[in-house]
Structure formats: C-alpha cells, structure tokens
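An overview of the molecular structure
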Amino acid sequence: MKLYTYFRSSAAYRVRIVLALKGIEWEPAFVHMLRDGGEQHQPAYKAVNPQGLVPALEIDGAVLSQSSAICEYLEERFPEPPLLPASLEERAYVRAVMSAVACEIHPLNNLRVLKHITGTLGLDEEAKLAWYRHWIAEGFAGLEALIGASGRAGACTLGDTPTLADAFIVPQVYNARRFDCPLDDYPNIARIADACDALPAFAAARPEAQEDAQG
C-alpha cells in the first residue's frame, strides 16, 4: 500500500491518521506541493492521479483519490478497529462533521485558493491571512454548534473513542493554529483536538513527524 502524501497537506494528514488508528503499514510517496511549481502538477504525478491532488492511495493495483473516499474505503476494507459507529444516526453525525471540514472549511482555505488570492488577485500576505481566518471562524462556528447541539461529544467527537470525525477535525485545527486563528470561541473543537493529539496514532500522523518534513 502506497500513500502519495505531503506533510503539510491536511487531506493527506486525515488519511495518515486513519492508517495509524487502524495499524495499517504503508509506504510513503512524497509529493512536494511547492517545489518546482508543485510536484502534484507534474506529468509523473498526473499519471497517478489525474486530478493533481494529494492524497492518493495505491492499493492492489488501484489508485484511490479524495481523502473522504479513501478514509471510507479503509473503514470498509479494514473494519477493525471501527471508526464509524454502529447506529445509522451516529454514522450520519460523524459524516456531517467530516463534511463540515472537508466541504465547508477546507475548500476555501486550501493551497490552490491561497495561491490564487495572492498570485492572481494580488492580495498581500495580510489580506490572505484575513481571508483564511475569516473562513476558519465561519466554519468553526458552525461546527462548534453542531458538536455542542449533538450532546454526543466526550473526549472525542463521539464519546471517548476516535472516529473518522476526529481524523478530519485534528488536521483543520492544526492548520488553524499554524495561521494563528483564535480558538477561544470553539471550546469543544479545541478540546477534542488536544485530546486526540495526545494519542499515539494522531502523534505519528502529525506533519512534523513525517519524513518529508525534514527536507
């Protein structure tokens, strides 16, 4: 199993967390998203993933793309330990949290968007950061409300055992902290991220723990 990854990609970070939680061994294939204009845009990688996005997972001769799809595939292919709950309602809740991150927050703040803001629209670094922090605040406000209203959170998003929801929250919080986004208004989100970060699987998946972070 080979994961095409970049240490700072929050989407790849999600998949690394799931692989670690399930104890699955994998081989890294590093795709530097800044070097030479972004290796994800080079023909060699486009031959692997025509979308030119990270991550991609190569397994049994197939290549899977999109972090949500990869994580769900891993859950179905390697069901132990389970990262989706048994009940339909709780599964829907976990997937709602995943979607809030992957569909509502991350797309407005990913590398392609930030490069467009500065390179094409000509905004300076301060304006870029203002954009980033605005959409983190908007997204986290809704996510905090969702988690609070559910009454399902414990140490993790659903009780005290990690699920796919936590694999999506933690990388987004990591990025928010990297860009100095205030988290005081999102106590559930911050608490969950801190609790998960203390677990070995989450620590192993952190950007600074990756081999390509040292290059």
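An account of the accompanying structure is given in this report. (Residues numbered from 1 in each chain as written. Predicted model: local features only at pLDDT ≥ 70, side-chain atom pairs only at ≥ 80, totals over all residues. Heavy atoms only, no water.)

What follows is about the overall build of the protein chain. The secondary structure content of the protein chain amounts to 9 helices and 4 strands. Reading the protein chain from its N terminus to its C terminus gives the helix and strand order β-α-β-α-β-β-α-α-α-α-α-α-α. Compactness check: the protein chain gives a C-alpha radius of gyration of 17 Å against a globular reference of 17 Å for 215 residues, within 12% of the reference. Dimensions of the protein chain, computed from the C-alpha atoms along their principal axes, are close to 45 × 45 × 30 Å. Taken across its 215 residues, the protein chain has 45% of its residues classed as buried. In the protein chain, the share of contacts with a sequence separation of at least 24, taken over all contacts with a separation of at least 6, comes to 65%. Surface summary for the protein chain: the accessible area is close to 10,200 Å², and the carbon and sulfur share equals 54%. Seen as two clouds, the 19 positive and the 28 negative side-chain charges of the protein chain have centres 4 Å apart. (Helix = DSSP H or I, 4+ residues; strand = E, 2+ residues; numbered from the N terminus. Rg over C-alpha atoms; globule rule 2.2 N^0.38 Å. Buried < 20%, exposed > 50% of the residue type's maximum accessible area, 1.4 Å probe, protein only. Contact = heavy atoms within 4.5 Å. Areas by Shrake-Rupley, 256 points an atom, 1.4 Å probe, with all protein chains shown as cover. Lys, Arg positive; Asp, Glu negative; His and termini not counted. Charge placed at Lys NZ, Arg CZ, Asp CG, Glu CD.)

A few words now on helix H1 (residues 10-21). If you check H1, its first and last C-alpha atoms are 16 Å apart, about what 12 residues at 1.5 Å a residue would give, namely 16 Å. Among the 12 residues that make up H1, 11 are buried, leaving the element largely enclosed by the rest of the structure. Along H1, the positions that sit buried rather than exposed are Ser 10, Ala 11, Ala 12, Tyr 13, Arg 14, Val 15, Arg 16, Ile 17, Val 18, Leu 19 and Leu 21. Those residues of H1 that are buried are in contact with strand S1 (2-5), helix H3 (67-77), helix H4 (88-109), helix H7 (164-178), helix H8 (187-197) and helix H9 (200-205). Within two residues after H1, Gly 23 carries a phi angle of roughly 70°, on the positive side. (Expected span 1.5 Å × (residues − 1).)

Secondary-structure assignment places Arg 14 in helix H1. Glu 72 provides the closest opposite charge to the buried, salt-bridge-free Arg 14, at an N-O distance of 12 Å. When near neighbours in sequence (up to four residues on either side) are disregarded, Arg 14 contacts Ser 67, Cys 71, Val 101, Ala 102, His 106, Ala 167, Phe 168 and Pro 171. (Salt bridge = Lys/Arg side-chain N within 4 Å of Asp/Glu carboxyl O.)

Here strand S3 (residues 56-59) pairs with strand S4 (residues 62-65) via 4 bridges, running antiparallel. The residue of S4 that forms the bridge with Leu 57 is Leu 64. Where S3 hands over to S4, the hairpin turn is made up of 2 residues, of which Asp 60 adopts a positive phi near 55°. (Pairing = 2+ DSSP bridges.)

Right, let's get into the pairing of strand S2 (residues 27-30). In this sheet, S2 lies alongside S1 in parallel orientation, the contact comprising 4 bridges. Residue pairing in the sheet places Tyr 4 in a bridge with Ala 29 of S2. Handedness of the crossover joining S1 and S2 through H1 is recorded here as right-handed. (Right-handed = clockwise from strand over helix to strand, strands pointing away.)

A separate point is the side chain of Asp 166. Note that Asp 166 resides in helix H7. Of the side chains bearing the opposite charge, Arg 191 lies closest to the buried Asp 166, which forms no salt bridge; the N-O distance is 8.3 Å. Among the polar contacts made by the side chain of Asp 166, one reaches the main-chain amide nitrogen of Thr 163 at a distance of 2.9 Å. In this view, Asp 166 contacts Cys 156, Thr 157, Thr 161, Pro 171, Ile 192, Cys 196 and Phe 202; residues no more than four positions away in its chain are not counted. (Polar contact = N/O pair within 3.5 Å; in protein donor to acceptor, adjacent residues only side chain to side chain.)

For the coordinates displayed, the defined rule picks out 8 salt bridges. For Arg 177, the salt bridge identified is with Asp 194, shortest N-O distance 2.9 Å. In this pair, Arg 177 is assigned in helix H7 and Asp 194 in helix H8, connecting sequence segments 17 residues apart. Judged by relative accessible area, which is 36%, Arg 177 ranks as partly exposed. For Asp 194, a relative accessible area of 42% corresponds to the partly exposed category. Among the ionic pairs, Arg 206 bridges to Glu 208, the shortest N-O distance being 2.8 Å. In this structure Arg 206 comes out as partly exposed when scored by relative accessible area, which is 23%. The partly exposed category is assigned to Glu 208, whose relative accessible area is 40%.

Before going further, it helps to examine the sheet that holds S1. Read across the sheet, 4 strands follow the order S2-S1-S3-S4 without closing on themselves; strand pairing throughout is mixed. Strands at the two margins of the open sheet, each flanked by one partner only, are S2 and S4. Direction aside, neighbouring strands of the sheet carry axes that sit 25° apart on average. (Axes fitted to C-alpha atoms, helices over the stretch in contact; angles between N-to-C directions.)

The next point concerns the environment of Gln 214. Turning to its location among the elements, Gln 214 is positioned in the segment after H9. Using a relative accessible area of 60% as the deciding quantity, one classes Gln 214 as exposed. Distance from Gln 214 to Phe 7, taken between C-alpha atoms, is 9.6 Å for residues 207 residues apart in sequence. Here the side chain of Gln 214 touches Glu 208 through a polar contact of 3.2 Å, landing on its backbone oxygen.

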